[in-house]
Amino acid sequence: MTTLSIVVPMYNEEAALDGFFGRLQRVLQTVTPSYEIVCVNDGSQDFTLARLRTAASADPRIKIVNLSRNFGKEIALSAGLDHASGDAIIPIDADLQDPPEVIPMMIAKWRAGAKVVLAKRKDRSSDGWLKRVTANGAYWLFSKLTDPKIPQNVGDFRLMDRVVVDAIKQLPERSRFMKGLFAWIGYEPEYVEYDREARSAGETKWNYWKLWNFALDGITSFSSLPLRIWSYLGFGVSLFAMAYLVWTVAKTMIFGLDVPGYASLMSVILFFNGISLIGIGVIGEYLGRIFTEVKARPLYIVAETVGFEAEAQEYPSSDAQRA
Ligand code: UDP
Ligand code: MG
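Everything in this summary refers to the structure shown in the same document. What you see is a predicted model; the values in this text were computed from it and never measured.

In this section: the overall build of the protein. Check the secondary structure of the protein and you find 11 helices and 8 strands. Computed over its C-alpha atoms, the radius of gyration of the protein comes to 26 Å, more than 25% above the 20 Å expected for a compact globule of 323 residues. Dimensions along the principal axes, computed over C-alpha positions, put the protein at roughly 95 × 40 × 35 Å. Taking all 323 residues of the protein together, the buried fraction comes to 43%. Within the protein, contacts between residues separated by at least 24 positions form 85% of all contacts whose residues are at least 6 apart in sequence. For the protein, the exposed area adds up to about 17200 Å²; of that, 64% sits on carbon and sulfur atoms. When the 35 positive and 36 negative side-chain charges of the protein are each reduced to one mean point, those points stand 4 Å apart.

Below is the structure:
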């Protein structure tokens, strides 16, 4: 049994890999001899898998979960959590944006009893201004809409105790908004602070369209307010229409008919058609997600795993590292 599992989703990270393993393992060696690095190859189209195989054959602590295609970071991370066997589990990005040097601090807090240790960014200075503004906007919206509060400036880089990961594995949903799922599980977190570095090599897999859809996933998975808001809006509009009707009838009865009204009619029709379409669109967002949930397909398909069988002989019975 391993005591510490590092889980790394990887998509086209061939350029970052060598530097990553070097720096990560230098840190891990100072923490515990019994650790595993669960690398999830999320359908990379470059030589990530080949590099991983080389690394894994040289070091049995490096393990590979090879997914059958690209499933996206959130699902790759779930696959990694499912395969990790440690008593403490730390997801980390392969691009060294989450500095491994923070890990000993997390472990210290975990050994002192914390079930969840979050790595909190000191600031967002390594992001561009647009990313910063949109990220702040998204966090603000989440804090208004969703019930389990998602801590600000905290990514997936965190330490979780085995009990927490087992809890996460019980959440069956197919929209894996991990930040939200982590928050939903609860457990009072402890924090360590760190500076997020620039990407070590390769390029980011995110663009604004993906981030927008990611935010939609987050909101629809954790709030039904966008659905319910329409009844209130409809109610308000009906009240207003009622008053307007009374006023128009009264006006016509007192002052007689005056014909003009094309422009106002037109704008009212267009405006409320727009509103109705938005309402239908919102329902569609939820319906689409219900559809995916109802199909209940497996979250991911594993094409192959490397290194997991060897584990039992490699590290017989946990050496109770935690003590
Ligand atoms: N990643 C993944 N599948 C994807 C996209 C990204 O496994 O479809 C991994 C990627 O290899 C990296 C981590 O998720 O280890 C974070 O991705 P990235 O650095 O591109 O995101 P950013 O740090 O820019 O938010
Ligand atoms: Mg990154």
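Here we come to the site of ligand 1. Surveying the vicinity of ligand 1 reveals 17 residues, the closest of which are Glu-13, Asp-42, Asp-95, Gln-97 and Thr-204. Take Glu-13: an N or O atom from its side chain is 2.6 Å from an oxygen atom of ligand 1. Summarising the interface, the protein chains cover 92% of the accessible area of ligand 1, which totals 530 Å² for the free molecule. Along the lines of polarity and charge, the residues of the shell around ligand 1 split into 5 nonpolar, 4 polar and 8 charged.

We now examine the side chain of Asp-95. Relative to the elements of secondary structure, Asp-95 occurs in the loop between β4 (88–91) and α4 (103–111). For Asp-95, a relative accessible area of 3% puts it in the buried group.

The next subject is the coordination of the magnesium ion (ligand 2). Distances from the magnesium ion (ligand 2) to its protein donors, namely Asp-95 (OD) and Gln-97 (OE1), fall within the range 1.9 Å. The exposure classification of Asp-95 matches that of Gln-97, with both residues buried.

Compared with an ideal rise of 1.5 Å per residue, which puts 15 residues at 21 Å, helix α8 (residues 208–222) spans 21 Å between its outermost C-alpha atoms and is within 8% of the ideal. Those residues of α8 that sit buried are Phe-214, Ala-215, Leu-216, Gly-218, Ile-219, Thr-220 and Phe-222. Looking at the buried residues of α8, the elements they touch are α3 (73–83), α5 (129–145), α7 (178–185), α9 (225–255) and α10 (262–295).

A separate point is the packing of α8 against α10. Close contact between α8 and α10 brings their axes to 11 Å; oriented N to C, the two are set at 80°. By the angle between their directions, the pair α8 and α10 is classed as roughly perpendicular. Every residue of α10 that contacts α8 at Asn-213, Leu-216, Asp-217, Ile-219 and Thr-220 is listed here: Glu-285, Tyr-286 and Arg-289.

Attention shifts here to the sheet that holds strand β6 (residues 154–161). A sheet is described by the order of its strands in space; here 8 strands give the open sequence β7-β5-β6-β4-β1-β2-β3-β8, paired in mixed fashion. This sheet does not close on itself; its edge strands, each paired only once, are β7 (189–194) and β8 (302–306). This sheet shows a mean twist of 20° between the axes of neighbouring strands, independent of strand direction. Of the pairings in the sheet, the one linking strand β5 (residues 116–121) to β7 comprises 6 bridges and is parallel in character. What sits directly across from Val-116, in β7, is Pro-189. Seen against the sheet, α4 touches β1 (4–10), β4, β5, β6 and β7 and runs at an angle of roughly 45° to β6.

A cluster of nonpolar side chains, Leu-245, Val-246, Val-249, Met-253, Ile-254 and Phe-255, forms an exposed patch at the surface whose accessible area comes to about 710 Å². Within the secondary structure, Val-246 is located in helix α9.

Within the structure shown, the criterion is met by 7 aromatic pairs. In textbook terms, an aromatic cluster arises when at least three aromatic residues are bridged by ring pairs, as seen for Phe-177, Phe-214 and Phe-222. Here Arg-69 stacks its cationic end above the ring of Phe-71, 4.0 Å away from the centre of that ring.

This part covers the pattern of salt bridges. Per the counting criterion, the structure on display carries 14 salt bridges. Notably, a salt bridge pairs Arg-61 with Asp-59, separated by 3.4 Å at the nearest N-O pair. Each member of the pair, Arg-61 as well as Asp-59, carries the same accessibility label: buried. When the shortest N-O distance is used, the salt bridge between Arg-196 and Asp-93 registers 3.5 Å.

Moving on, we get to the pairing of β5. The buried count for β5 comes to 5 of 6 residues, which makes it a mostly enclosed element. Across 4 bridges, the pairing between β5 and β6 is antiparallel. Looking at the pairing, Val-117 lines up with Leu-159 of β6.

What follows covers the packing of helix α1 (residues 14–31) against α4. Packing of α1 against α4 brings their axes to within 9 Å, and their N-to-C directions diverge by 30°. Classified by the angle their axes make, α1 and α4 are roughly parallel. When the axes of α1 and α4 are compared, the crossing they make is right-handed. On the side of α1, the interface is formed by Leu-24, Val-27, Leu-28, Thr-30 and Val-31, while α4 contributes Ile-103, Pro-104, Ile-107 and Arg-111. Grouping the constituent residues of the contact of α1 with α4 by class yields 7 nonpolar, 1 polar and 1 charged.

The rules we used
Residues numbered from 1 in each chain as written. Chains lettered and ligands numbered in written order. Predicted model: local features only at pLDDT ≥ 70, side-chain atom pairs only at ≥ 80, totals over all residues. Heavy atoms only, no water. Helix = DSSP H or I, 4+ residues; strand = E, 2+ residues; numbered from the N terminus. Rg over C-alpha atoms; globule rule 2.2 N^0.38 Å. Buried < 20%, exposed > 50% of the residue type's maximum accessible area, 1.4 Å probe, protein only. Contact = heavy atoms within 4.5 Å. Areas by Shrake-Rupley, 256 points an atom, 1.4 Å probe, with all protein chains shown as cover. Lys, Arg positive; Asp, Glu negative; His and termini not counted. Charge placed at Lys NZ, Arg CZ, Asp CG, Glu CD. Near = heavy atom within 4 Å. Polar contact = N/O pair within 3.5 Å; in protein donor to acceptor, adjacent residues only side chain to side chain. Nonpolar A, V, L, I, M, F, W, Y, C, P; charged D, E, K, R; others polar. Donors = N, O, S within 2.8 Å, 3.2 Å for Na, K, Ca; no water. Expected span 1.5 Å × (residues − 1). Axes fitted to C-alpha atoms, helices over the stretch in contact; angles between N-to-C directions. Parallel < 35°, antiparallel > 145°, perpendicular 65-115°, else oblique. Pairing = 2+ DSSP bridges. Patch = residues over 30% accessible without salt bridge, like charges linked within 9 Å, V, L, I, M, F, W, Y side chains within 5 Å. Salt bridge = Lys/Arg side-chain N within 4 Å of Asp/Glu carboxyl O. Phe/Tyr/Trp six-rings, centres within 6.5 Å; stacked < 30°, edge-to-face > 60°. Lys NZ or Arg CZ within 6 Å of the ring centre and 35° of its normal. Left-handed = near helix turned anticlockwise from the far one by under 90°.

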